[in-house]
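A look at the structure
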Amino acid sequence: MFNLEGKKALVTGATGGIGASIAKTLHAAGAEVAISGTRAEKLEELKAELGDRVHVIAANLSDRASVDQLAKDAADAMGGVDILVNNAGITKDNLAMRMKEDEWDSVMQVNLESSFRLIKALMRGMMKSRWGRVVNITSVVGVTGNPGQANYCASKAGMIGMSKALAAELASRGITVNCVAPGFIGTPMTDVLSDDQKAAITSGIPSGDLGEPEDIASAVLYLASPEAKYVTGQTLHVNGGLAMI
Amino acid sequence: MSEIADKVKKIVVEHLGVDEDKVTDTASFIDDLGADSLDTVELVMAFEEEFGIEIPDDAAEKIQTVKDAIDFISANS
């Protein structure tokens with residue numbers, strides 16, 4: 001089950017807690033993995049940890065030319081891309097009344113537009129091979145909304161709509177496009193919270209705890225696997241019961 | 001028949017899985033040969049590769065019949 005030997009995967013945002021876990025999980029399942037991010041040093045560390053079948057490609061997803069180059073470099077390095085995981089994302093939280101234009105633009109650019117550009121650049125190869133998996137990492141707040149995150153929620157909801165449209169376009173070619181929507185996941189970002197703060201967050205989660213990056217990576221592994229061939233256009237919520245949608 | 005026309009028809013036969021005798025010059029990919037819109041995109045991709053040319057989107061939209069393809073490729077390769 002879930003064997004990815006011979007498959008080539010590109011994971012964006014691989015320096016983050018969730019992205020690194022996704023890269024490790026796909027790699028452990030046998031995939032050749034291209035890891036991308038803005039911090040080259042962190043990427044090299046991850047590569048050293050994983051060993052062979054790993055390619056490091058630094059990229060700046062807020063720059064269109066850099067996104068296009070990333071798609072090309074990943075395909076060149078591995079001889080194609082079968083699995084694309086659009087995991088990279090940023091937040092620029094602010095109340096709508098105070099939100100600056102560039103806070104809106106940069107979040108939409110990195111979270112939503114770069115995902116589309118990568119898919120567009122890589123779908124040709126997937127169409128030809130009649131096999132492809134696209135997994136977009138969205139968020140529970142893309143469905144529920146969250147104050148102070150109009151830009152982030154819009155970008156994540158946009159990913160879900162985009163994924164459905166692409167799923168319909170590409171299903172006949174053996175390509176599936178799905179989303180994984182994490183809830184609260186413990187990462188270096190949440191490690192700095194106090195116990196009281198964590199308690200306040202987890203009190204609203206039926207499972208009573210934060211998720212782990214591996215919980216998200218496992219969902220990605222399933223959707224990327226040959227076994228998930230009949231699942232497309234879906235959003236898999238991984239949130240401990242925080243929102244049941 | 002020209003070499004280009006031969007190659008174009010061969011690609012159409014392979015991609016759409018239709019009988020060779022149905023691939024006439026005037027045959028429309030969508031109306032006569034059962035292609036969907038994604039098939040037409042793939043055909044253009046295949047033409048680009050076979051003939052080493054780039055077919056811009058606005059030109060690709062106008063390629064609706066076998067003859068359209070042959071004419072465009074003949075004029076641009």
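Residues numbered from 1 in each chain as written. Chains lettered and ligands numbered in written order. Predicted model: local features only at pLDDT ≥ 70, side-chain atom pairs only at ≥ 80, totals over all residues. Heavy atoms only, no water.

For chain B, the name recorded in an unreviewed UniProt entry is Acyl carrier protein, with Kordiimonas lacus as its organism. Recorded in UniProt for chain B, the comment headed Subcellular location (unreviewed entry) runs: "Cytoplasm". Under the Function (unreviewed entry) heading, UniProt states for chain B: "Carrier of the growing fatty acid chain in fatty acid biosynthesis." (UniProt positions renumbered as here; feature names shortened; annotations may be inferred.)

As named in an unreviewed UniProt entry, chain A is 3-oxoacyl-[acyl-carrier-protein] reductase, taken from Kordiimonas lacus. Word for word, the UniProt comment on chain A under Subunit (unreviewed entry) is "Homotetramer." Looking at the Function (unreviewed entry) heading of the UniProt record, one finds this comment for chain A: "Catalyzes the NADPH-dependent reduction of beta-ketoacyl-ACP substrates to beta-hydroxyacyl-ACP products, the first reductive step in the elongation cycle of fatty acid biosynthesis."

A separate point is the overall build of chain A. When helices and strands are counted, chain A shows 9 helices and 7 strands. A compact globule built from 245 residues should have a C-alpha radius of gyration of about 18 Å, and chain A, at 17 Å, falls within 12% of that. Here chain A holds 245 residues, and the buried ones make up 49% of them. For chain A, the proportion of contacts with a sequence separation of at least 24, taken over those separated by at least 6, is 70%. Surface exposure of chain A reaches about 11200 Å², of which carbon and sulfur atoms provide 54%. Distance between charge centres in chain A, computed from 23 positive and 27 negative side chains, equals 9 Å. (Helix = DSSP H or I, 4+ residues; strand = E, 2+ residues; numbered from the N terminus. Rg over C-alpha atoms; globule rule 2.2 N^0.38 Å. Buried < 20%, exposed > 50% of the residue type's maximum accessible area, 1.4 Å probe, protein only. Contact = heavy atoms within 4.5 Å. Areas by Shrake-Rupley, 256 points an atom, 1.4 Å probe, with all protein chains shown as cover. Lys, Arg positive; Asp, Glu negative; His and termini not counted. Charge placed at Lys NZ, Arg CZ, Asp CG, Glu CD.)

Let's shift gears to helix α2 (residues 40-50) of chain A. Residue and element names in this part refer to chain A. Burial in α2 covers these residues: Leu43, Leu46 and Leu50. Burial along α2 is one-sided: seen end-on, the buried residues are contained in an arc of 60°. In α2, the exposed positions angled more than 90 degrees off the buried face are occupied by Glu41, Ala48 and Glu49. Taken together, the buried residues of α2 touch α1 (17-28), β2 (32-37) and β3 (54-58). Directly beyond the C-terminal end of α2, a positive phi value near 90° is found at Gly51. (Arc of directions from axis to C-beta.)

For a regular strand, side chains alternate in direction, first toward one face of the sheet and then toward the other. All names here are of chain A. By the criterion of burial, strand β6 (residues 175-182) is predominantly enclosed, with 8 of the 8 residues buried. Residues of β6 alternate between two faces, with Ile175, Val177, Cys179 and Ala181 on one and Thr176, Asn178, Val180 and Pro182 on the opposite face, all of them buried. When strand β5 (residues 132-137) meets β6, the two strands line up parallel, connected through 6 bridges. By the bridge assignment for β6, Arg133 is matched with Thr176. Pairing analysis gives 4 bridges linking β6 to strand β7 (residues 235-238), with the strands arranged parallel. Bridge assignment links Cys179 to a residue of β7, and that residue is Thr235. (Pairing = 2+ DSSP bridges.)

Residues and elements named next belong to chain A. Of all hydrophobic cores here, the largest spans 32 residues; its most connected members are Ile22, Leu26, Ile35, Ile83, Val85, Val180 and Val220. For this core, the secondary structure elements donating two or more residues are β1 (8-11), α1, β2, α2, β4 (83-86), β5 and α9 (213-224). In terms of residue count, α9 provides more of this core than any other element does, 7 residues in total. By size, the runner-up hydrophobic cluster in this structure holds 31 residues, among which are Leu10, Leu122, Met159 and Ile175. (Core = buried A, V, L, I, M, F, W, Y, C linked by side-chain atoms within 4.5 Å.)

Another point: a negative patch on the surface. Together, Asp209, Glu212, Glu214 and Asp215 of chain A make up a negatively charged patch on the protein surface. Looking at the element boundaries, Glu214 of chain A is found in helix α9. (Patch = residues over 30% accessible without salt bridge, like charges linked within 9 Å, V, L, I, M, F, W, Y side chains within 5 Å. Salt bridge = Lys/Arg side-chain N within 4 Å of Asp/Glu carboxyl O.)

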